[in-house]
Structures are given as C-alpha cells and as structure tokens.
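Residue-level listing of the chains:
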Amino acid sequence: MPSTSSSGKSLRLARLSGHGDERYLFVPLDHSVSDGPIATVSGFQELVRDVVDGGADGIVVHKGRARALAPELLADSSLLIHLSASTAHGPDVNAKVLVGDVDEAISLGADAVSVHVNIGSDTEADQLTDLGTVAAACDRWGMPLLAMIYPRGPRVTDPADPALVAHVVNIAADLGVDIVKTVFASPVERMAEVVESSPIPIIVAGGGDASQSVQDFAVSALAVGCSGLAVGRRVFNSASPRTTVQELAEIVHGPQGSPVPIQNSRMAGAL
C-alpha cells in the first residue's frame with residue numbers, strides 16, 4: 001500500500017494535468033522578482049483570469065503573489081509556488097537562492113512547487129544542494145516538484161547542445177524531481193534523444209526562436225515527445241493572452257482535451 005505522502009503526490013500530479021493526459025501547459029508569472037512588474041495589481045488579476053480561462057493547467061508564482069490572488073481565479077487551474085529567486089540587478093544573475101519552502105506552499109494550497117537550477121553557474125553546488133533539500137521535503141509532504149533546470153553559466157558555450165540538455169534533465173530526475181522544465185535542444189530533431197534519455201516528463205521553456213511563432217514552437221515540442229510547455233513572456237506580452245493560451249492548450253491537449261496525434265501535427269514529415 002502506498003504511503004500517505006506518495007498517495008498525496010499522485011493526487012496532486014494528476015491535478016497538474018487538467019485533462020488527465022499527462023501533458024502540461026504551465027504559465028510562469030514569477031517575473032516580477034527577476035525583472036520587475038508585468039502588470040498593474042488589477043491587471044495581474046485579469047491576466048490570471050485570462051490564462052486560466054484560456055485553458056492553462058497551472059500558473060507559477062511566488063508565495064506573496066499567491067496570497068494576493070482571489071481564490072476563485074484558480075478554481076480551474078493548478079497553483080505552483082516558485083521557491084527560487086534572483087534579480088537582474090545582482091552581481092550574478094545565474095545565482096539562484098531559496099526564498100520559500102514546501103511548508104509555506106502547502107499553507108497556500110499549492111499543487112506543486114518549483115525550483116530553478118543553473119548548471120554551469122558559479123553557484124551550481126549551492127543550487128544543487130537546495131534542489132536536494134526541497135526534493136526531500138516534497139517526498140515527506142507528497143508535494144510534486146518541478147525543476148527549472150538549464151545549462152547556463154560561464155562554462156557553458158552552447159546551452160542548446162543535446163548532450164548537455166540530456167545531462168541537465170537527468171540531473172533533475174536523479175535528484176528526485178517529478179517534472180523538469182528546460183531549454184529546447186538544437187537541432188530540433190535531437191530533442192527526441194533528450195526525451196528518450198529522461199525517466200521523467202520534460203516540458204520546454206517557451207521562449208523559442210523569435211522568428212518562430214510560439215504556436216509553431218509548441219507543435220515542434222510535442223512532435224519530438226515533450227510533455228508540454230511552460231510559456232510566460234510570450235503569453236503575457238501577447239496582444240491577447242487568453243487567445244494565446246487557448247491556442248497553446250489545443251496544441252498540448254487537443255481540441256476539447258483530446259490529445260493531438262503527433263503524426264497529424266504540422267511537424268509531421270518535417271523531422
């Protein structure tokens with residue numbers, strides 16, 4: 001019989017995929033710590049409403065922002081509390097520190113927590129220590145853990161190198177992460193090798209190539225086997241965040257929640 005904590009984690013993981021297909025569309029809205037405000041107070045509430053109504057499986061925010069959200073906004077979406085932080089003004093923008101813990105996330109009603117780790121940064125060892133600490137707490141409390149883990153720092157010459165991307169996602173898996181968010185490997189077809197190497201679901205950061213629409217980027221990600229996307233800036237900076245999320249949700253989950261067969265995607269035959 002599973003332990004109480006493992007049963008709790010299974011329940012929360014199931015809620016993270018709103019359509020029950022083990023695919024995920026998360027919208028990170030934690031940028032106000034690193035870069036500054038992304039909306040007015042009322043505008044942020046409306047942004048969350050648009051994101052949720054558009055069909056996102058979850059939003060990612062810091063603990064203080066979660067407290068400011070009207071509870072009814074998250075009736076149809078998961079809440080992920082981000083535990084890491086740094087700012088664009090610090091001496092090392094790649095140095096992430098913990099600013100929250102799993103207990104706080106539980107008190108806020110979170111469905112999962114996330115931790116950011118930059119492999120190749122000067123503070124890599126400290127960030128890995130923090131990830132291990134949070135992973136242990138997540139196991140105790142039955143809380144799913146999303147790791148935002150990237151090849152990033154002075155010793156990284158090609159952050160999209162497939163072997164390097166495969167390495168970082170396996171670091172996440174080995175340290176107890178449940179879902180890993182990372183960069184898209186290049187060339188695109190090599191991302192399939194990264195997916196095949198990972199024992200946990202991979203979602204890709206939604207920045208993508210500026211010359212490529214976020215919708216085409218999403219199709220590419222699903223076509224090579226990724227389990228979804230985490231798209232922040234390209235949602236909240238779009239002309240219509242709700243429409244953008246709706247379009248991405250249909251790519252990730254299919255119309256009305258029916259998964260999109262990869263062979264029928266726009267990427268069919270392109271890889």
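This section reports on the structure supplied with the text. (Residues numbered from 1 in each chain as written. Predicted model: local features only at pLDDT ≥ 70, side-chain atom pairs only at ≥ 80, totals over all residues. Heavy atoms only, no water.)

Re the sheet that holds strand β1 (residues 24-28)
Okay, so step 1: One closed barrel accounts for eight strands, arranged β1-β2-β3-β6-β7-β8-β9-β10; its pairing is parallel. On average, each strand axis in the sheet is inclined to that of its neighbour by 25 degrees, with strand direction left out of account.
Okay, so step 2: Where β1 lies against strand β2 (residues 58-61), three bridges are found, and the strand directions are parallel. Note on β2: the bridge partner recorded for Val-27 is Ile-59.
Okay, so step 3: Running over the sheet, helix α6 (residues 124-141) touches β6 (112-119) and β7 (145-151) and is turned about 160 degrees from β6.
Okay, so step 4: In the packing of helix α9 (residues 214-223) onto the sheet, the strands contacted are β9 (202-205) and β10 (228-230), and the crossing angle to β10 comes to about 135 degrees. (Pairing = 2+ DSSP bridges. Helix = DSSP H or I, 4+ residues; strand = E, 2+ residues; numbered from the N terminus. Axes fitted to C-alpha atoms, helices over the stretch in contact; angles between N-to-C directions. Contact = heavy atoms within 4.5 Å.)

A word on the pattern of salt bridges
Okay, so step 1: Scanning the entire structure with this criterion turns up ten salt bridges.
Okay, so step 2: A salt bridge links Asp-35 to Arg-233, with the shortest nitrogen-to-oxygen separation between them at 2.5 Å. Of this pair, Asp-35 sits in the loop between α2 (31-34) and α3 (41-54) while Arg-233 sits in helix α10 (residues 233-236), and the two are 198 residues apart along the sequence.
Okay, so step 3: A salt bridge links Asp-50 to Arg-242, with the shortest nitrogen-to-oxygen separation between them at 2.7 Å. In this pair, Asp-50 is assigned in helix α3 and Arg-242 in helix α11 (residues 241-253), connecting sequence segments 192 residues apart.
Okay, so step 4: Among the ionic contacts, a cluster of salt bridges with common partners joins Lys-9, Asp-139 and Asp-178. (Salt bridge = Lys/Arg side-chain N within 4 Å of Asp/Glu carboxyl O.)

Thoughts on helix α7 (residues 162-174)
Okay, so step 1: In this model α7 runs 18 Å from its N-terminal to its C-terminal C-alpha over 13 residues, within 8% of the 18 Å that 1.5 Å per residue would give.
Okay, so step 2: Of the residues making up α7, those classed as buried are Pro-162, Val-165, Ala-166, Val-168, Val-169, Ile-171, Ala-172 and Ala-173.
Okay, so step 3: Packing partners of the buried residues in α7 comprise β6, α6, β7, β8 (179-182), α8 (191-197) and β9.
Okay, so step 4: Once α7 ends, the next one or two residues include Gly-176, with phi positive near 100 degrees. (Expected span 1.5 Å × (residues − 1). Buried < 20%, exposed > 50% of the residue type's maximum accessible area, 1.4 Å probe, protein only.)

These figures capture arrangement, not role.
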